[in-house]
Amino acid sequence: DLSSDVCSSDHSKAGRDKPESPEEIQKNRTLTMKTINKAMREIRVFASKGQWNRLAATAKEVSRLVARIPELSPEGSGFGEKSRIKPEVWLNFPEYEELSKKSSSAALNLAKLAEGGDSGVMMRSFVGLAKTCRACHKPFRKKKKKRRK
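Calculation rules
- Residues numbered from 1 in each chain as written.
- Predicted model: local features only at pLDDT ≥ 70, side-chain atom pairs only at ≥ 80, totals over all residues.
- Heavy atoms only, no water.
- Helix = DSSP H or I, 4+ residues; strand = E, 2+ residues; numbered from the N terminus.
- Buried < 20%, exposed > 50% of the residue type's maximum accessible area, 1.4 Å probe, protein only.
- Contact = heavy atoms within 4.5 Å.
- Phe/Tyr/Trp six-rings, centres within 6.5 Å; stacked < 30°, edge-to-face > 60°.
- Expected span 1.5 Å × (residues − 1).
- Polar contact = N/O pair within 3.5 Å; in protein donor to acceptor, adjacent residues only side chain to side chain.
- Axes fitted to C-alpha atoms, helices over the stretch in contact; angles between N-to-C directions.
- Parallel < 35°, antiparallel > 145°, perpendicular 65-115°, else oblique.
- Salt bridge = Lys/Arg side-chain N within 4 Å of Asp/Glu carboxyl O.

(A) Structural view of the overall build of the chain. In terms of regular secondary structure, the chain is built from six helices and zero strands. Along the chain, helices and strands appear, N-terminal first, in the series α-α-α-α-α-α. For the chain, the proportion of its 149 residues judged to be buried stands at 37%. Taking the contacts inside the chain whose residues are at least 6 apart along the sequence as the reference set, 69% of them involve residues at least 24 apart.

Okay, here's the thing in structure tokens:
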């Protein structure tokens, strides 16, 4: 269940004296991205098992999380060894926001199709969703550093 994974990245700001630090923002963005990645893998499993309700719920959660990416990417939050966000994000933020909206819409479309239960249409929709993710990763995310053995 994804809801437990995202609790810490979705905490309320109520009662907080100060805004989140850039480190907290980056940590929340990284956790959100990892949660989306896990959800995408779960969607494939649910599709292979014909678990359409679970697939639909997970796709809706992906939509919600992807829609939050721009707010989790304020200028100055991309630093340190672990950050994979490129400076191009802030040079072209409207495009970054638009790509996030497209991915969120694609995930909602997948959820709607899952409720219909047509696996062929759904898999095409899933591939389309994955393409919207890659469309943003290519210009705005650094490649993963290879670990030394």
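(B) Examining the packing of aromatic side chains more closely. All chains considered together, the criterion is met by two aromatic pairs. Residues Phe-93 and Tyr-96 carry aromatic rings whose centres are separated by 5.5 Å and whose planes lie at 45° to one another, so their mutual orientation is tilted. With Phe-93 and Tyr-96 both in helix α5 (residues 93-116), this residue pair falls three residues apart, about one helical turn. Accessibility expressed as a relative area gives 3% for Tyr-96, which makes it buried.

(C) Looking closely at helix α3 (residues 52-68). Here α3 spans 25 Å end to end across 17 residues, near enough to the 24 Å set by a 1.5 Å rise per residue. Burial in α3 covers these residues: Leu-55, Ala-56, Thr-58, Ala-59, Glu-61, Val-62, Ser-63, Leu-65, Val-66 and Arg-68.

(D) Local environment of the side chain of Ser-100. Structurally, the position occupied by Ser-100 is in helix α5. Of note is the side chain of Ser-100, whose polar atom sits 2.6 Å from the backbone oxygen of Val-66.

(E) Seen up close, the environment of Lys-60. With respect to the secondary-structure elements, Lys-60 resides in helix α3. A relative accessible area of 42% means that Lys-60 is categorised as partly exposed. Separated by 49 residues in sequence, Lys-60 and Asn-109 place their C-alpha atoms 8.9 Å apart. Separated by 3.1 Å, the side chains of Lys-60 and Glu-115 make a polar contact.

(F) Inspection of the packing of helix α2 (residues 22-49) against helix α6 (residues 119-140) at higher detail. Between α2 and α6, the least distance of the axes is 11 Å, while the angle of their chain directions is 170°. One element, α2, and the other, α6, form an angle in the roughly antiparallel class. In contact with Met-40, Ile-43, Arg-44 and Ala-47 of α2, α6 contributes Met-123, Phe-126, Leu-129, Ala-130 and Cys-133.

(G) Region of interest: α6. The terminal C-alpha atoms of α6 lie 31 Å apart, and with 22 residues this matches the ideal 32 Å at 1.5 Å per residue to within 8%. At its buried positions, α6 is contacted by α2, α3, α4 (88-91) and α5.

(H) Spotlight on the pattern of salt bridges. A full pass over the atoms with the stated rule returns three salt bridges. We note a salt bridge from Arg-68 to Glu-71, for which the minimum N-O separation is 3.3 Å. Classification of Arg-68 by relative accessible area gives buried; the value is 12%. Residue Glu-71 is classed as exposed on the basis of its relative accessible area, which comes to 53%.

(I) Layout of the environment of Arg-64. As for its position among the elements, Arg-64 is in helix α3. Assessed through its relative accessible area of 31%, Arg-64 is described here as partly exposed. Sequence separation between Arg-64 and Leu-108 is 44 residues; the distance between their C-alpha atoms is 8.9 Å. Of the polar contacts made by the side chain of Arg-64, one reaches the side chain of Glu-61; its length is 2.8 Å.

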